[in-house]
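Overview (structure and organization)
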Amino acid sequence: MVANADTWRPATTQTYASSDDAWRLTIEPSVSSDQGAHVGDQTAGEDRSGEVANDARTSARGTMEHCIGGTCRRAWQHHLLNEVAPVSVLVTEGGYVMTLDNWVSMGFGPHAVVLYDPAGSLIAKYALVDFLPREYVMALPRSVSSLHWRDSPRIDRDGIRIVVPVVVPSEGAEEEDDTHTQFVDVVFDPRDGSVALPAPEVWMPAQKEAATALATQRALLADELEQAVVPLLPPDSREPLDWHVYLREAFSRLDEDEAGFPATFVVPSPADPGYAKEVGRLHARLQDAKARDVIMLGALSQDALLDLLKQEAASFHPGMRAWPRLYLLLDAERFAQASALLAPSGATLIQLDPARAIPQRADYLEAWEDYLQGRPDEE
């Protein structure tokens with residue numbers, strides 16, 4: 001359950017050739033998916049997923065050429081199973097194709113591995129749990145978006161089958177570039193879609209290593225689950241980071257619309273050197289906000305937050321677009337004052353009562369228990 005940050009470049013058109021250059025597959029992505037922009041959008045309360053307007057393709061498109069004697073002709077062209085684009089592609093000398101993973105989401109979903117024949121017809125598609133034990137998959141290291149489950153595929157010595165080096169999960173294997181990562185070879189036959197796991201003398205130690213890693217993960221998560229069960233109250237701290245964490249956790253417990261990752265602002269004391277900068281950020285965000293955005297507002301002083309809201313309310317005038325959904329960390333009296341002040345803005349206001357503990361969501365606790373008991377969802 002390691003969740004490291006990761007960044008994805010936009011998917012671009014790529015051409016992949018067999019080792020003898022007789023088969024050339026060009027893959028056009030359905031959209032230009034910019035993961036950096038996507039994460040930025042989520043932080044700002046938006047969820048545009050890096051889409052490109054007016055792009056009609058709903059999945060990646062592949063065009064295969066077969067070249068004989070220097071003359072290349074189209075062998076096939078159709079949409080692939082990858083929504084945006086595959087992460088890795090291998091073309092054999094016989095014209096078979098393997099695609100691995102989905103752009104911005106390695107290891108997840110039903111199309112982690114897909115095989116096509118020389119005519120472009122689907123031979124087989126696999127989720128990881130289709131060829132690896134479920135608990136082995138659960139033990140794999142992961143980032144925010146992906147599972148780190150493999151290295152680059154290669155053609156076997158027979159020139160036909162395809163070898164995928166699969167990560168052996170281990171304790172402390174948290175980084176994708178970990179030079180100590182070990183692999184075992186899983187072999188796919190593109191002719192019939194069959195899969196061969198490693199020999200027992202190799203596979204059994206790998207499974208044992210994965211089981212140990214998973215047990216360690218579950219022990220750590222059991223400790224975290226104890227904290228997740230505790231009702232949430234504002235932090236007994238003056239560190240802004242602690243308050244940002246509180247606001248985001250409050251959002252995850254209260255907001256059932258799942259509107260994306262909220263923007264959080266923690267207003268310091270007016271005497272604080274960073275006060276003007278934070279106020280400027282908030283003002284700019286409110287002026288540029290979309291109706292579907294979510295902004296969480298807290299302050300080390302409720303009176304300071306209420307004073308700031310008075311200033312912002314004065315800047316609103318008829319004709320401006322409505323403000324987004326706002327969570328305000330204010331007691332009942334001050335929240336009533338803020339509601340009256342901000343009524344002309346059209347914002348949807350939700351109170352975060354600093355005296356009220358927020359329980360954890362039942363569905364979240366159920367998901368934790370499922371993981372700890374070895375009952376993950378299909379993803």
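Before reading further, recall that the structure is shown in the block above.
Let me sum up the structure you'll find in this document. Note on numbering: residues in each chain are counted from 1, in written sequence order. In keeping with the predicted nature of the model, local features appear solely for residues at pLDDT of at least 70, side-chain atom pairs appear and are counted solely at 80 or more, and the whole-chain, interface and lining totals rest on all residues. No hydrogens and no water enter the side-chain calculation; it runs on all heavy atoms of the structure.

**Notes on the side chain of T181**
Stated formally: Only runs of H or I of at least four residues qualify as helices and only runs of E of at least two qualify as strands under DSSP, and these elements are numbered from the N terminus. Any residue under 20% of the maximum accessible area for its type is buried, any over 50% is exposed, and the rest in between are partly exposed; the area is computed with a 1.4 Å probe on protein chains only. Any two residues whose heavy atoms approach within 4.5 Å are treated as being in contact.
Along the chain, T181 falls in the loop between strand 10 (162-168) and strand 11 (182-189). Among the residues examined, T181 registers a relative accessible area of 17% and is labelled buried. Contact partners of T181, with chain neighbours within four places excluded, come to H148 and V167.

**As for the state of the cysteines**
This is how the line gets drawn: The disulfide criterion is simple: two cysteine sulfur atoms within 2.5 Å.
On inspection of all chains with the given rule, the structure shows one disulfide. C67 shares a disulfide with C72; S-S distance 2.0 Å. Judged by the sign of its S-S torsion, about 105 degrees, the bond between C67 and C72 is right-handed. For C72, a relative accessible area of 30% corresponds to the partly exposed category.

**Structural notes on the pairing of strand 5 (residues 86-91)**
What counts is decided by this rule: When DSSP finds at least two bridges between two strands, those strands are taken to pair.
Most of strand 5 sits out of view: five of its six residues are buried. Bridge analysis of strand 5 against strand 6 (residues 97-102) gives five bridges, and the strand direction is antiparallel. By the bridge assignment for strand 6, L90 is matched with M98.

**Points about the sheet that holds strand 7 (residues 113-116)**
Short version of the rule: An axis is simply a line fitted to the C-alpha atoms; with a helix, the fit covers only the stretch in contact. Between two such axes, the angle follows the N-to-C directions and lies from 0 to 180 degrees.
As summarised here, the arrangement of the four strands in space is 5-6-7-8, forming an open sheet in which the pairing is antiparallel. The strands lining the two open edges of the sheet, one partner per strand, are strand 5 and strand 8 (122-126). Going from strand to strand, the sheet's axes swing by 15 degrees on average, the running direction of each strand aside.

**Focus on the nonpolar core**
Selection rule: Nonpolar cores are built from buried Ala, Val, Leu, Ile, Met, Phe, Trp, Tyr and Cys residues. Side-chain atoms within 4.5 Å join them into one set.
If you look at the biggest cluster of nonpolar residues, it comprises 31 residues, and the most contacted ones within it are F131, Y136, W149 and F188. Breaking this core down by element, the ones donating at least two residues are strand 6, strand 7, strand 8, helix 2 (134-139), strand 10, strand 11 and helix 3 (200-229). In terms of residue count, the dominant contributor to this core is strand 10 (five residues). Leaving out residues up to four positions away in the same chain, W149 has contacts with L100, D101, G107, A112, V113, L128, F131, L140, V164, P165, V166 and V167. Membership of the second largest hydrophobic core comes to 25 residues, among which are F265, L297, A313 and L326.

**Structural notes on the side chain of R361**
How we decide: Polar contacts, as counted here, are pairs of nitrogen or oxygen atoms within 3.5 Å of one another; within protein the pair requires one atom able to donate a hydrogen and one able to accept it, and residues that are adjacent in sequence qualify only if both atoms are side-chain atoms.
Relative to the helices and strands, R361 is located in the loop between strand 16 (349-352) and helix 8 (362-372). Classification of R361 as buried rests on a relative accessible area of 17%. Within the structure, R361 has its side chain in polar contact with the backbone oxygen of S252 (distance 3.3 Å).

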